[in-house]
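Take a look at the letters that make up each chain.
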Amino acid sequence: MELKWLILGIAVLMYVLVIAFQDKKVWFTSGAAVLVVILGVILPGKVFQLPLSVMFESDFVNHIYALKHSVLEIINWNVILIYLGSMTIAALFLYSNVPARIADSIINSSKNTGLAIVLILAMTGIISIFVENVATVLVMAPIALALCKKLKMNPTYFMIGLAVMSNLEGTATLVGDPPSMIFAAYANYNFNDFFVHAGKLSIFFIIQAGLLVGCVYFYCFFAKVGKEKVMVEKTTVISWVPFILLLTMIFGLAAVSFIPVELPFLSGLFVLALGIIGALWFRFSQKKTGKEVWELIKGLDWETIFFLLGIFIVVGAIQEIGLLEDFALLLAKICGGSKLLAFIIILAVSVIISGFVDNVPYIIAMLPVAGSMAVTMGIDKELLMFALLVGSCLGGNLTPFGASANVVSMGIVKKEGYPMKFSGWLKVAVPFTILTTGVAALVLWMLWA
């Protein structure tokens, strides 16, 4: 029993330090993971579960198995490989200027400026379905700023729109954002399951309900901009090859989903292979130097990758030692068998916590809780797990520091001479979060309750 509380203490301390010192979060998650692995190796079978096949072997065999289990099995390497490969493709997609060209075409073909802004925000969301949220904001920001300069308009609210729309749609597919990849790994979802699962519409369509109400909200918000039409010069596309790689990744993952035999790391290796092909194209076809290729690779979000590695190990230990099951039983007892109350609690708590805390460690910790809670209460697991995913991802829009894309957008407008006030963020983001989360939750309840 003492060991269980020691592991919980390590995890709680890690979370507190991560919240307090965001810029050093990788150090704290890595340190906690190393400590947990050491405990698991020293005390095999106490922290990480041992299978019967090795339980009665020598102590040396048990120590080796505990080390192998913590590094090779607790860490979800399929998620890591998908994230690494998709980040590489996304970086090349942004380099190609294809997103900027599409946005320019939208502006030129729109009847008025207000509609153009909404369509750019919608496009930001669509790109974020397949490209990491921060990268999406970075590629769309120059387009938004250029349009605001032409209109002599404060870009603050436009930039808030870019951030919240990218966070919203990043939830929609397996490759959109780390929480979706983590959910897929836990729930054993393939790429197609995000669209239809068990004969029902899945998370993609639930999020699109939020997108529609979000677009209506922003159209009303920016209607005062005026009816004038603005023309911009079209950006020159460097190459369409990264766009082809992106489409290949999307359709390839869909095709992999139909393979009847489950092969370990197949999705991850496929996406990583496409990323390597893209890097080779960048080096040789684009005649880039080795240093330029290295800069591209070095610029990927390595911090999140190492952050995930540490979180996987710590939360894996919490799960295997039985703490998450205890928490699930406690929540189920509080809900008293009420499906609606359980749904509301998971959704509301996720929104509030994710408004202030990184949603990656939260969702890794809470997915097994939501799943166990559903089993204990005898209800469909998807109802609570989808509520967790929707709440934790959309809740990040609540505050200016609830998601990395929010922080980036704040930095951009500050650099442009428009420092963003906390109250200014809340003015736009709180109604957006309430509306999008409420509509998505209603659709989720109608489909899966």
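Counting starts from 1 at the beginning of each chain's written sequence and moves along it residue by residue. For a predicted model such as this one, the threshold for reporting local features is a pLDDT of at least 70, and the threshold for listing and counting side-chain atom pairs is 80 or more; totals across whole chains, interfaces and linings nevertheless cover every residue. To obtain the side-chain values, all non-hydrogen atoms of the structure were included, while hydrogens and water were left out.

Quick notes on the overall build of the protein chain
Phase 1 of the analysis: Strands here are runs of E lasting at least two residues and helices are runs of H or I lasting at least four, both read from the DSSP assignment and numbered beginning at the N terminus. The secondary structure content of the protein chain amounts to 21 helices and two strands.
Phase 2 of the analysis: Counting only C-alpha atoms, the protein chain reaches 75 × 55 × 45 Å along its principal axes.
Phase 3 of the analysis: By the burial criterion, 56% of the 449 residues in the protein chain qualify as buried.
Phase 4 of the analysis: Here the Shrake-Rupley method, with its probe set to 1.4 Å, supplies the accessible areas, and only the displayed protein chains count as covering residues. Total accessible area on the protein chain is roughly 19,500 Å²; 70% of this is exposed by carbon and sulfur atoms.
Phase 5 of the analysis: His is not counted here, nor are the chain ends, while Lys and Arg score as positive and Asp and Glu score as negative. Each charge is placed at NZ for Lys, CZ for Arg, CG for Asp and CD for Glu. Positive and negative side-chain charges of the protein chain, numbering 27 and 24 respectively, have mean locations separated by a distance of 14 Å. Buried residues are those whose accessible area, probed at 1.4 Å on protein chains only, stays under 20% of the maximum for their type, while exposed residues exceed 50% and partly exposed ones sit between those limits.

Structural notes on the pattern of salt bridges
Phase 1 of the analysis: Note on definitions: salt bridges are taken to be side-chain nitrogens of Lys or Arg within 4 Å of carboxyl oxygens of Asp or Glu. Summed over the entire model, instances satisfying the criterion amount to one salt bridge.
Phase 2 of the analysis: Across the pair lysine 298 and glutamate 295 runs a salt bridge, and its minimum N-O distance is 3.4 Å. Of this pair, lysine 298 and glutamate 295 both sit in helix α14 (residues 290–298), three residues apart, which is roughly one turn of that helix.

Some details on the environment of proline 400
Phase 1 of the analysis: Structurally, proline 400 is set in the loop between α19 (381–394) and α20 (404–415).
Phase 2 of the analysis: The exposure class of proline 400 is buried, given its relative accessible area of 3%.
Phase 3 of the analysis: Sequence separation of proline 400 and glycine 424 is 24 residues, and the distance between their C-alpha atoms is 9.5 Å.
Phase 4 of the analysis: Here a residue-residue contact requires only that any non-hydrogen atoms of the pair lie within 4.5 Å. The residues contacting proline 400, other than those within four sequence positions of it, are Asn406, Val407, Met410, Phe422 and Trp425.

Things to note about the packing of aromatic side chains
Phase 1 of the analysis: Between 30 and 60 degrees the pair is tilted, below 30 it is stacked and above 60 it is edge-to-face, where a pair is any two Phe, Tyr or Trp rings, Trp via its six-membered ring, whose centres lie within 6.5 Å. Under the defined criterion, the tally for this structure stands at 23 aromatic pairs.
Phase 2 of the analysis: With a centroid separation of 5.3 Å and 85 degrees between ring planes, the pair formed by tyrosine 157 and phenylalanine 221 is classed as edge-to-face. Taken as a pair, tyrosine 157 in helix α9 (residues 156–169) and phenylalanine 221 in helix α11 (residues 203–222) lie far apart in primary sequence, 64 residues in all.
Phase 3 of the analysis: On the basis of relative accessibility, which here comes to 15%, the residue phenylalanine 221 falls in the buried class.
Phase 4 of the analysis: Relative to tyrosine 189, the ring of phenylalanine 183 lies with its centre 5.0 Å away and its plane at 70 degrees, an arrangement referred to as edge-to-face. Like tyrosine 189, phenylalanine 183 is buried.

Some points on the packing of helix α5 (residues 77–95) against helix α12 (residues 241–256)
Packed helix pairs are specified by the crossing angle of their axes together with the interaxial distance, meaning the distance between the axes.
Phase 1 of the analysis: Between N-to-C directions, angles span 0 to 180 degrees; the directions come from axes that are lines fitted to C-alpha atoms, helices contributing only their stretch in contact. Taken N-terminus to C-terminus, the directions of α5 and α12 make an angle of 145 degrees; their axes are 8 Å apart at the nearest point. The two elements α5 and α12 meet at a crossing, and its hand is left-handed. Residue-level inspection shows Ser86, Ile89, Leu92 and Phe93 of α5 in contact with α12, the latter providing Pro242, Phe243, Leu245, Leu246 and Met249.
Phase 2 of the analysis: Classification used: nonpolar for Ala, Val, Leu, Ile, Met, Phe, Trp, Tyr, Cys and Pro, charged for Asp, Glu, Lys and Arg, polar for all others including Gly. When the residues that make up the contact of α5 with α12 are grouped by side-chain class, the tally is eight nonpolar, one polar and no charged. Here is the rule for handedness: rotate from the far helix to the near one, and if that takes an anticlockwise turn smaller than a right angle the crossing is left-handed, while a clockwise turn gives right-handed.

Quick notes on the environment of aspartate 301
Phase 1 of the analysis: Checked against the element boundaries, aspartate 301 lands in the loop between α14 and α15 (302–320).
Phase 2 of the analysis: Sequence separation of aspartate 301 and lysine 414 is 113 residues, and the distance between their C-alpha atoms is 23 Å.
Phase 3 of the analysis: Excluding residues that lie within four positions of it along the chain, aspartate 301 makes contacts with Tyr83 and Met87.

What about unusual backbone geometry?
Phase 1 of the analysis: The phi angle at asparagine 97 is positive, at roughly 75 degrees, despite the residue not being glycine.
Phase 2 of the analysis: With respect to the helices and strands, asparagine 97 occurs in the loop between α5 and α6 (98–109).
Phase 3 of the analysis: By relative accessible area, asparagine 97 is classed as partly exposed at 23%.
Phase 4 of the analysis: One non-glycine residue, alanine 198, lies in positive phi territory at about 55 degrees.

What to know about the packing of α9 against helix α21 (residues 422–448)
Phase 1 of the analysis: Where α9 contacts α21, the axes come no closer than 10 Å and their chain directions differ by 30 degrees. Relative to α21, the element α9 is oriented roughly parallel. Pair α9 / α21 crosses with right-handed handedness. Across the interface between the two elements, Tyr157, Ile160, Ala163, Val164, Met165 and Leu168 of α9 pack against Gly424, Trp425, Lys427, Val428, Ala429, Phe432 and Thr436 of α21. Oblique is the label for any angle not covered by the other classes, which are roughly parallel (under 35 degrees), roughly antiparallel (over 145) and roughly perpendicular (65 to 115).

Considerations on the nonpolar core
What tends to happen in soluble globular proteins is that the nonpolar side chains get buried as a cluster.
Phase 1 of the analysis: Phe218 and Met373 are the most contacted members of the largest nonpolar core, which has 152 residues in total.
Phase 2 of the analysis: It is helix α18 (residues 359–377) that provides the largest number of residues to this core, a total of twelve residues.
Phase 3 of the analysis: In contact with phenylalanine 218, other than residues within four places in its own chain, are Val118, Leu121, Gly161, Val164, Met165, Val428 and Phe432.
Phase 4 of the analysis: Counting residues in each nonpolar core, the second largest holds five residues, with Leu92, Trp281, Val293 and Leu296 among its members. What is meant by a nonpolar core is a set of buried Ala, Val, Leu, Ile, Met, Phe, Trp, Tyr and Cys residues, joined one to another through side-chain atoms within 4.5 Å.

Details of helix α16 (residues 323–335)
Residues three or four positions apart in an α-helix share a direction because the helix packs 3.6 residues into each turn.
Phase 1 of the analysis: Multiply 1.5 Å by the residue count of a helix minus one, and that product is the helix's expected span. Helix length check: α16, at 13 residues, gives a terminal C-alpha distance of 19 Å against a target of 18 Å (1.5 Å per residue), a fit within 8%.
Phase 2 of the analysis: Of the residues making up α16, those classed as buried are Leu323, Leu324, Ala328, Leu331, Ala332 and Cys335.
Phase 3 of the analysis: On the buried face of α16, the contacting elements are α1 (2–20), α15, α17 (339–354) and α18.
Phase 4 of the analysis: Looking one or two residues beyond α16, the residue adopting positive phi is glycine 336, at roughly 60 degrees.

A look at a nonpolar patch on the surface
Phase 1 of the analysis: Patch definition: residues with relative accessible area over 30% and no salt bridge; like charges joined within 9 Å; nonpolar side chains (Val, Leu, Ile, Met, Phe, Trp, Tyr) joined within 5 Å. Together, Ile352, Phe356, Phe401, Val407 and Phe422 give the surface a local cluster of nonpolar side chains, amounting to about 500 Å² of exposed area.
Phase 2 of the analysis: Position of phenylalanine 401 among the secondary structure elements: in the loop between α19 and α20.

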